[in-house]
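Here is how the chains run, residue by residue.
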Amino acid sequence: MTNTVDVLAMGAGHNGLVAAAYLAKAGKKVLVLERKAWPGGGVVTREINTPGYWHDEHSSVHIMIQGNPLIRQDELGLQSKFGLKYQYGIPYAMIFPDQSTLVAYQDLDRTCEGIARISRKDAETYRRFAKRAIAMLPAFGAGMYAPPTPMGAFVAMMDGSEEGREVLEAMQRSSLEIANQSFESEKVRIWLLRLVSENLQLPDELGTGFGLYLMPGLMHGYGVSQPVGGSGKLSESLIRCIEHYGGEVRCDSEVTKILTSGGRATGVRLSSGEEFSARDGVIGAIHPHRLRAFVDGVPERVLDRAERTTLAAFSIMVSHYDLKQRAEFYAGEEVGHAIMLEYMSSNTLSEMLDDFDTLRRGRISERVLIAGGDESINDPSRVPPGRGMFHGITFAPYQLEEGGSSRWDEIAEQMGDRSLAAYRKFVKNLTSDNIIKRTIATPLDHARNSPNSMVGGDVHGIAPYFYQTGGHRPTPDLAQYTVPGVERFYLVGPFQHPGGGVYGAGRATAMRMFEQFGMDFDKTVGADGGGGTKTTSLGSGATARTDDGRVTLYGPANEDLLVIHAIEREGNSVVVKGQAYGTMPLSATLRPEQARRIFKLLKLSLIPFLISFLFRRSKSGPPRER
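The notes below deal with the structure included here. (Residues numbered from 1 in each chain as written. Predicted model: local features only at pLDDT ≥ 70, side-chain atom pairs only at ≥ 80, totals over all residues. Heavy atoms only, no water.)

**A look at the packing of helix α1 (residues 14-25) against helix α16 (residues 506-517)**
Here is step 1 of the chain: Relative orientation of the contacting elements α1 and α16 amounts to 35 degrees, with a least axis distance of 7 Å. The crossing of α1 and α16 is right-handed. On α16, the residues touching Asn15, Val18, Ala19, Tyr22 and Leu23 of α1 are Gly506, Arg507, Thr509, Ala510, Met513, Phe514 and Phe517.
Here is step 2 of the chain: For the contact of α1 with α16, the per-class residue count stands at 8 nonpolar, 3 polar and 1 charged. (Axes fitted to C-alpha atoms, helices over the stretch in contact; angles between N-to-C directions. Helix = DSSP H or I, 4+ residues; strand = E, 2+ residues; numbered from the N terminus. Left-handed = near helix turned anticlockwise from the far one by under 90°. Contact = heavy atoms within 4.5 Å. Nonpolar A, V, L, I, M, F, W, Y, C, P; charged D, E, K, R; others polar.)

**Digging into the nonpolar core**
Here is step 1 of the chain: Counting 70 residues, the largest nonpolar core has Tyr126, Trp191, Met219 and Phe395 as the members making the most contacts within it.
Here is step 2 of the chain: The greatest single-element share of this core, amounting to 8 residues, is contributed by helix α4 (residues 120-144).
Here is step 3 of the chain: Judged by nonpolar contacts, the second largest core, of 41 residues, contains Ile71, Val492, Val502 and Met519. (Core = buried A, V, L, I, M, F, W, Y, C linked by side-chain atoms within 4.5 Å. Buried < 20%, exposed > 50% of the residue type's maximum accessible area, 1.4 Å probe, protein only.)

**A closer look at empty space enclosed by the protein**
Here is step 1 of the chain: For the structure on display, the rule yields 4 cavities of 30 Å³ or more.
Here is step 2 of the chain: The calculated volume of the second largest cavity comes to roughly 70 Å³.
Here is step 3 of the chain: Residue lining of the second largest cavity: 13 residues in total, with Leu359, Ser365, Val368, Leu369 and Phe395 positioned closest to the centre.
Here is step 4 of the chain: At the level of secondary structure, the elements contributing two or more residues to the lining of the second largest cavity comprise α13 (349-360) and β16 (388-396).
Here is step 5 of the chain: Looking at which element gives the most residues to the lining of the second largest cavity, the answer is α13, with 3 residues.
Here is step 6 of the chain: Grouping the constituent residues of the lining of the second largest cavity by class yields 8 nonpolar, 2 polar and 3 charged. (1 Å grid on protein atoms, 1.4 Å probe; cavity = no way out; pocket = protein on both sides within 12 Å on 5 of 7 lines; lining within 4 Å. Points joined across faces, edges and corners; volume = space filled by probe spheres on them.)

**Regarding the sheet that holds strand β7 (residues 101-104)**
Here is step 1 of the chain: Taken in spatial order, the 7 strands line up as β7-β6-β14-β15-β16-β13-β17 in an open sheet, and their pairing is mixed. A strand with exactly one partner marks an edge of an open sheet, and here the two such strands are β7 and β17 (435-441). Averaged over all neighbouring strand pairs, the angle between strand axes comes to 20 degrees, with direction disregarded.
Here is step 2 of the chain: Taken together, the 5 bridges between strand β6 (residues 90-95) and strand β14 (residues 338-343) define a ladder with parallel strand orientation. Pairing of Ile90 across the sheet is with Ala338, part of β14. (Pairing = 2+ DSSP bridges.)

**Structural notes on unusual backbone geometry**
Here is step 1 of the chain: In this structure, Pro474 follows Arg473 across a cis peptide bond, with omega equal to 0 degrees.
Here is step 2 of the chain: Turning to its location among the elements, Pro474 is positioned in the loop between α15 (443-449) and β18 (482-483).
Here is step 3 of the chain: A cis amide bond links His497 to the next residue, Pro498, at an omega of 10 degrees.
Here is step 4 of the chain: Within the fold, Pro498 resides in the loop between β19 (486-491) and α16.
Here is step 5 of the chain: Backbone geometry places Arg488, a non-glycine residue, at a positive phi of 60 degrees.

Bear in mind that shape data such as this cannot, by itself, settle questions of function.
And the structure:
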């Protein structure tokens, strides 16, 4: 491949690979450059300890991506063509100190039966939470896997309906407050709050309550999964997709500078001094705190806001164990099949909150907050026959109160032992004679291994607070994946909307690039049998699209303004039903006197255009896929 391509991508994390794959499928010559010796970023599976034991280095659970059209509609053919296969197990379980359990099955009725054994009232409350969340999944999905609606428009839209106000309120309150007000059993509260904390959120932090709405819907609506063979199989399938369409992923290629000319990104320079040029655009997996080091020409005000983005209050320590035999649990065989498995070292909510508070202060409590399990139970292909492997997660601060982050090199094994002692209270055979080898990855290791993404050990990029979510993630300047002052330069990573974790969020970056390149995203993703889409320009930057009987109106920033599902007569009025801003349910009534006013607004000069309007074709850039 020559040193000039259509699109260059810095970083082969899964989000960058997703963006590159969509562009490659559209016919662009794509080159992805990765600083490490292997691709995948935080979505990678490697033989870390012993040959034949395939560990997920970072991410292990694929929950958020299940609602992405990338997977649900197989837009890139990852499942039909490029070898990706998901397995679905029990979404979530918790083991309490007395070895009792509380399990979330994908089947909502079965889940509520378990909750009812603790509290019949809480079972019904949880059912209402879950049903409401499941009903809202299409709305959530419309916003999560596409460029975000500007924050002002989003808040105005949410404030326009009872459902929207409820969600908006949850996004500004703490998950602890909502759990305390909604559920009577402390055990159920603990079970839910630990689930939400998987997003690196302290339960009492304001702006974390939305997780209590979202997570039940995802678990029961889409299910929780892992790729067969390990988390990295997603990245591998994306690479096969890119290569199939003529692109390339090159490792051991560290980008040190984004090259610009005339206010436009034109290429990259590697640490070796080699330079590559991009005809159309450059994608950068660059944390907002690191943007200044890579790109010239960005206004100082933009850089200042980027560098003020807030990291999560805590990080994780990961323990990788190779076992001679699979893990056995005192609580029974079933919990071993849970894809997300939490262990409680305390019986009370107050004690759990104390443990989270130590994290906030950079301390490590004696009672560690732990999760994880034996991933060979659901997927024997990841270990030699009859063997096991344990993937342990311990919540831990990056910046330690005593000694700072550098002290992690000193205490890593000590912390590994402390976590192991906690696991042994729940796992029968996590014993010395069953452990072949162990490797510990500390928050400091995460920051070292991914210096341009996991800054400060935050594996989710930045904290998921309300002020840096949606159209403000990571900042209002950078939320649309573009960078002021540098045209044709696009951002991708966990610090962008929709957030950290395995979302396949590079899809939204690709959509923004398709729009600015004047390319048809719908045509690309529908090339293997998707439905047709027609687009009409409405002037002033707004467009409307019909898709399977729906009409979508877009604003100047290509955000969803209104999706119309149906227009019906009710008595003397016309009712328009759909979704406002592509998210919230809408039922708008047009009365006769208002219709007459609409006709009065029409200028005579517009009438000839309206006569021919239905027969015109749009010449504007393509809208986003819904």
